[in-house]
Amino acid sequence: MAWRCTGATNAELIGNMAKAGIINSERVAAAMAKVDRANYVRFPNTAYEDSPQPIGHGATISAPHMHAHAAEHLLSFLKPGSRVLDVGSGSGYLCAVLYQLLQDPSDPKSSESKVVGIDHIPELTEWSIENLRKDGLGPALDEGRIKVISGDGRKGVPEDGPYDAIHVGAAAPTMPKDLIEQLARPGRMFIPVGTHSQQIVQVDKDVDGNVTEKPLFDVMYVPLTDRDKQK
Ligand code: SAH
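Residues numbered from 1 in each chain as written. Predicted model: local features only at pLDDT ≥ 70, side-chain atom pairs only at ≥ 80, totals over all residues. Heavy atoms only, no water.

An unreviewed UniProt entry lists the protein chain under the name Protein-L-isoaspartate O-methyltransferase, with Trametes coccinea given as the organism. Taken directly from UniProt, the Catalytic activity (unreviewed entry) text for the protein chain runs: "[protein]-L-isoaspartate + S-adenosyl-L-methionine = [protein]-L-isoaspartate alpha-methyl ester + S-adenosyl-L-homocysteine". (UniProt positions renumbered as here; feature names shortened; annotations may be inferred.)

And the structure:
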């Protein structure tokens, strides 16, 4: 699937993902159009290629079509006022898209929205904050509507939960129980699970706290692991 949606510009990349049926909603297209991927990569001349790109420290910014899939699957849980956790936030790109999905100028609840990103490489969290500022999100950071911290994302960030939506950007060997606990009722998590073979699993918690897991499709992500094991 990689390369398929590559464009010469951010707008063309998004248009190609819509044509390919990867982006199905106007809301996801509009949110991704507000976030310039060139602000979140090390090599801006290939920013609009539909492929992952190394960002240093053994990490990659995921391919645009994976970010689009994540946004589409979490969409019904992303509203003004929602709280969202992005585990393994890396470049900060998806934090920005998720933030845009929680903003609606006509809805006063927008200012209560919160996106929390966590990555265990402090150099990446610092860089992601610079990227978010370059992309015009300085005020959202300063006012606490976006927060990016360094730490072990497998434990989540309980102090800002529960979360309407959780995105995990690295493959967990087994389902992290702390993250399920931090899902709101209702809430949804989009998480790659597995080691050699990995699948995206959609975890839904209903209003009564019942949890169901649905495998979606096969993927290849960097592992959700210990900091000293990441190369
Ligand atoms: N979604 C991001 C990054 C994907 S790469 C983007 O597209 O830019 C996966 C990220 O998960 C890396 O940045 C890596 O440092 C981070 N990571 C891996 N294990 C982690 C852990 N236990 N806690 C927090 N972050 C972790």
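Student: So, the environment of Glu 12: which residues are in play, and what are the values?
Tutor: Structurally, Glu 12 can be placed in helix 1 (residues 10–19). A C-alpha to C-alpha distance of 8.3 Å links Glu 12 and Tyr 48, two positions 36 residues apart in sequence. (Helix = DSSP H or I, 4+ residues; strand = E, 2+ residues; numbered from the N terminus.)

Student: Mind laying out unusual backbone geometry, listing which residues take part and the relevant values?
Tutor: A cis amide bond links Gly 161 with the next residue in sequence, Pro 162, at an omega value of -5 degrees. Within the fold, Pro 162 resides in the loop between strand 5 (146–150) and strand 6 (163–168). Following Arg 185, the chain continues to Pro 186 via a peptide bond in cis, the omega torsion being 5 degrees. For Pro 186, the position within the fold is in strand 7 (residues 183–194). Although it is not a glycine, His 57 sits at a positive phi angle of roughly 60 degrees. In this fold, His 57 is placed in the loop between strand 1 (53–56) and strand 2 (59–61).

Student: Explain the packing of aromatic side chains to me, and be specific about the residues and the numbers.
Tutor: Within the structure shown, the criterion is met by 1 aromatic pair. Between the aromatic rings of Tyr 40 and Tyr 93, the centroid separation amounts to 5.6 Å while the plane-to-plane angle is 85 degrees, which identifies the pairing as edge-to-face. Placement of Tyr 40 in the loop between helix 2 (26–33) and strand 1 and of Tyr 93 in helix 4 (residues 93–101) is noted, with a sequence separation of 53 residues between them. Take Tyr 40 and Tyr 93: they sit in the same class, and that class is buried. (Phe/Tyr/Trp six-rings, centres within 6.5 Å; stacked < 30°, edge-to-face > 60°. Buried < 20%, exposed > 50% of the residue type's maximum accessible area, 1.4 Å probe, protein only.)

Student: Which residues make up the site of the ligand, and what values do they have?
Tutor: Looking at the ligand, there are 24 residues lining it, with Ser 62, Ser 91, Asp 119, Gly 153 and Thr 225 nearest. Here an oxygen atom of the ligand and a side-chain polar atom of Ser 91 are 2.6 Å apart. In the environment of the ligand, a nitrogen atom lies 3.2 Å from a nitrogen or oxygen atom belonging to the backbone of His 120. Protein contacts shield 100% of the accessible area of the ligand, which totals 570 Å² for the unbound molecule. With 3 residues, strand 2 is the largest single contributor of residues to the shell around the ligand. Residues of the shell around the ligand, tallied by class, amount to 8 nonpolar, 13 polar and 3 charged. (Near = heavy atom within 4 Å. Polar contact = N/O pair within 3.5 Å; in protein donor to acceptor, adjacent residues only side chain to side chain. Areas by Shrake-Rupley, 256 points an atom, 1.4 Å probe, with all protein chains shown as cover. Nonpolar A, V, L, I, M, F, W, Y, C, P; charged D, E, K, R; others polar.)

Student: Quick one: what's the story with the pairing of strand 9 (residues 211–219), residue by residue and with numbers?
Tutor: Note: strand 8 (residues 198–205) against strand 9, 8 bridges, orientation antiparallel. Residue Lys 205 lies in a different strand from strand 9, and its bridge partner there is Val 211. The loop that links strand 8 with its antiparallel partner strand 9 comprises 5 residues; one of these, Gly 209, has a positive phi angle of about 90 degrees. (Pairing = 2+ DSSP bridges.)

Student: Pulling in residues and values, what's your account of the sheet that holds strand 4 (residues 114–119)?
Tutor: If you walk across this open sheet you meet the 7 strands as 5-4-3-6-7-8-9, and the pairing is mixed. The open sheet has two edge strands, strand 5 and strand 9, and neither has a second partner. The average angle at which neighbouring strand axes cross in this sheet is 15 degrees, direction not considered. Relative to strand 6, strand 3 (residues 83–87) runs parallel, the two sharing 4 bridges. Of the residues in strand 6, the one forming a bridge with Val 84 is Ala 165. Along the sheet, helix 3 (residues 64–74) contacts strand 6, strand 7, strand 8 and strand 9; its crossing angle with strand 7, the most-contacted strand, is approximately 155 degrees. (Axes fitted to C-alpha atoms, helices over the stretch in contact; angles between N-to-C directions. Contact = heavy atoms within 4.5 Å.)

Student: Lay out the side chain of Lys 114 in plain terms, naming residues and giving numbers.
Tutor: Tracing the sequence through the fold places Lys 114 in strand 4. In this structure Lys 114 touches Ser 82, Arg 83, Val 84, Leu 102, Gly 144, Arg 145, Lys 147 and Asp 160, once residues within four positions along its chain are discounted.

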